[in-house]
Amino acid sequence: MTTIQAEPDVETDPDAELKALAEQAGRDLEDASALEILQWAAKTFGKKFCVTSSMEDAVVAHLAARAMPGVDVVFLDTGYHFPETIGTRDAVEAVMDVNVITLTPRQTVAEQDAEYGPKLHDRNPDLCCAMRKIKPLEEGLTKYTAWATGLRRDESPTRASTPVVGWDEKRRKVKISPIARWTQDDVDAYVTEHGVLTNPLLMDGYPSVGCAPCTRRVLEGEDARAGRWAGRAKTECGLHD
Ligand code: SF4
């Protein structure tokens, strides 16, 4: 008598191949230029690839447009942005070869205030970020397989090990950080060389620009992100966990 033993019921990860591709690309492209990384992304994912931008500057959007003209640039309009940030978004849309997509939260600020009380950002910034940033981004990214960010390793200790290409376990997507290895000097040089649009607040004491209620000018000698959620333990909005 022949006994055939059933294979163990191994649960397979439907994204295992994509995850392996991302991790391999992270190793292969570690020394590649930002443009080469984005060219790889454009070739690999085509219209399933987008760039996210906080409109602090348009460096990654500019690089991505060189790799893939007309690329989708996703911007999160939390309802709390400085006018300069919205102006930068509008200028990017007007002059660059990109397709700007603005994502908004389900509730306006007034609706959120009515349900949760005013200034939720002061009382519970994690909840405010969850509703105004994380949820809209997750919904907006569903149609993409890969997304690019402007994260840099030198920005903060929490970003020091950012891979140039990696696997975003939370959103189950390939996450590309083409300028991860850049320094602020590299960014400044690229802006100057290519005449890239930047948020005017960068020249006004805000080296890192977020929502107006949660961003202040930094003081001499302070870390570039010291003005974000200043005085609170919070250092990240959760978009890059
Ligand atoms: Fe709310 Fe501040 Fe987060 Fe913006 S950064 S979503 S205002 S808590």
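Our structure is the block above this text.
All figures in this text were calculated on a predicted structure; none of them were measured in a lab.

Q: Can you tell me about the nonpolar core, naming the residues and giving the values?
A: Of all hydrophobic cores here, the largest spans 44 residues; its most connected members are Phe49, Val165 and Ile176. Not counting residues up to four positions away in its chain, the partners in contact with Val165 are Ala22, Ala25, Gly26, Leu29, Ile37, Trp40, Val174, Lys175 and Ile176. If you look at the next biggest cluster of nonpolar residues, it comprises 8 residues, including Val74, Leu103, Leu137 and Leu141.

Q: Hey, could you go over empty space enclosed by the protein for me, with residue numbers and the actual values?
A: Scanning all chains against the criterion turns up 1 cavity of 30 Å³ or more. In this structure, the largest cavity encloses a volume near 80 Å³. As for the largest cavity, its lining consists of 11 residues, of which Tyr80, Cys128, Cys129, Cys211 and Cys214 are closest to the centre. Sorting elements by how many residues they give to the lining of the largest cavity places helix 7 (residues 125-140) first, with 4 residues. Each residue belonging to the lining of the largest cavity can be placed in one class, and the counts come to 7 nonpolar, 2 polar and 2 charged.

Q: Outline the side chain of Thr78, supporting the account with residue identities and numerical values.
A: Within the secondary structure layout, Thr78 lies in the loop between strand 2 (71-76) and helix 4 (83-95). Non-local contacts of Thr78, meaning those with residues more than four positions away in its chain, are made with Pro105, Val109, Arg132, Lys133 and Cys211.

Q: Lay out the pattern of salt bridges with the relevant residues and their values.
A: For the structure shown, the criterion picks out 13 salt bridges. For the salt bridge of Lys19 with Glu169, the shortest nitrogen-to-oxygen distance reads 3.8 Å. Linking Lys19 in helix 1 (residues 16-28) with Glu169 in the loop between strand 5 (165-168) and strand 6 (173-176), this pair joins segments that are 150 residues apart in sequence. For Asp168, the salt bridge goes to Arg171, with nearest N and O atoms at 3.0 Å. Given the relative accessible area of 4%, Asp168 is considered buried. Connected through shared salt-bridge partners, Asp13, Asp15, Lys19, Glu169 and Arg172 make up one network.

The rules behind each value
- Residues numbered from 1 in each chain as written.
- Predicted model: local features only at pLDDT ≥ 70, side-chain atom pairs only at ≥ 80, totals over all residues.
- Heavy atoms only, no water.
- Core = buried A, V, L, I, M, F, W, Y, C linked by side-chain atoms within 4.5 Å.
- Buried < 20%, exposed > 50% of the residue type's maximum accessible area, 1.4 Å probe, protein only.
- Contact = heavy atoms within 4.5 Å.
- 1 Å grid on protein atoms, 1.4 Å probe; cavity = no way out; pocket = protein on both sides within 12 Å on 5 of 7 lines; lining within 4 Å.
- Points joined across faces, edges and corners; volume = space filled by probe spheres on them.
- Helix = DSSP H or I, 4+ residues; strand = E, 2+ residues; numbered from the N terminus.
- Nonpolar A, V, L, I, M, F, W, Y, C, P; charged D, E, K, R; others polar.
- Salt bridge = Lys/Arg side-chain N within 4 Å of Asp/Glu carboxyl O.

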